[in-house]
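For reference, the chains in residue letters:
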Amino acid sequence: SHAITYLPLFSLGVPVVVSCRGAQVNIAPHNPRRSDVRTGLHQIFQQASLVHCVSQDIQQEAKTLGLDSAKVRLIYPAIDPDFFKPDPNHLDQTGIFRIVTTGSLIWRKGLEYSLLAVRKLVDAGMPVHFEIIGDGPERNRVLYTIHDLGLQRQVTLSGKLAPEMVLHRLQQAHVFVLASLSEGISNAALEAMACE
């Protein structure tokens, strides 16, 4: 959404903390058709009590958009390593190459590119299974793409799963795919890396 839509929050008379997580600072302000984002962010940074940034890169980019260094608090994303960890007992003897991704079913996640890659693996004779965990407004488009590519047997669209089930799927997978066209710091990728 446009940064300027949040400006009314500052009229409430209470301190406002802003969080900069990625695309709204690194990508949107550089779109020539969205000059209002750059203007809105500058106003927000001027009025915010504190600004939370998830990386040094985002912090530096926000400074070019008018963020005062004194307002910055750098807090890196974190995952629970006691929960997201490898399963030392998991041994896959099926011979199927397991790929998984998690996230919202939206165009930005680049799922078509992942599906095209799976199609190439199938065409090369590789036994593969790709599980897509998540839901969203583009579910039908993803389903159509799966069918158009003839991948109904190789792809499972699992929908939203409980955290324990997501953990289990990450632990079973050989590969986690993040094919996003635009992404900040992906918590899903951090979780997958923690599961090795």
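The structure displayed is predicted, hence computed values, not measured ones.

A.B. asks: Quick question: what am I supposed to make of the confidence of the model for the protein chain here?
C.D. replies: Do not read the fine detail of predicted coordinates wherever pLDDT is low. Summary statistics for the protein chain give a mean pLDDT of 89 and a share of 98% for residues scoring 70 or more. Looking at the elements of the protein chain, mean pLDDT is at its lowest for helix H1 (residues 23-26), recorded as 75, and at its highest for strand E5 (residues 128-133), recorded as 98.

A.B. asks: Where do I start with unusual backbone geometry in this structure?
C.D. replies: Working note: non-glycine residues mostly have negative phi, and peptide bonds are mostly trans. One non-glycine residue, glutamate 196, lies in positive phi territory at about 60°. The topology assignment puts glutamate 196 in the segment after helix H7 (187-194). Residue glutamate 196 is classed as exposed on the basis of its relative accessible area, which comes to 76%.

A.B. asks: I keep staring at the sheet that holds E5 and nothing clicks. Help me out?
C.D. replies: Backbone hydrogen bonds are what pair the strands of a sheet, in a parallel or an antiparallel way. If you trace the four strands from one edge of the open sheet to the other, you get E6-E5-E4-E7, paired in parallel fashion. The open sheet has two edge strands with one neighbour each: strand E6 (155-159) and strand E7 (175-176). Two elements, E5 and E6, share four bridges in a ladder whose sense is parallel. Within E6, the residue paired with isoleucine 132 across the bridge is leucine 157. In the packing of helix H4 (residues 111-123) onto the sheet, contacts are made with strand E4 (97-102), E5 and E6, and the angle to E5 comes to roughly 165°.

A.B. asks: Looking at this model, I keep getting lost on the environment of alanine 188. Mind explaining?
C.D. replies: The residue alanine 188 is located in helix H7 in this model. Filtering out sequence-adjacent residues up to four positions away, alanine 188 remains in contact with Thr102 and Phe176.

What counts and what doesn't
- Residues numbered from 1 in each chain as written.
- Predicted model: local features only at pLDDT ≥ 70, side-chain atom pairs only at ≥ 80, totals over all residues.
- Heavy atoms only, no water.
- pLDDT = per-residue confidence, 0-100.
- Helix = DSSP H or I, 4+ residues; strand = E, 2+ residues; numbered from the N terminus.
- Buried < 20%, exposed > 50% of the residue type's maximum accessible area, 1.4 Å probe, protein only.
- Pairing = 2+ DSSP bridges.
- Contact = heavy atoms within 4.5 Å.
- Axes fitted to C-alpha atoms, helices over the stretch in contact; angles between N-to-C directions.

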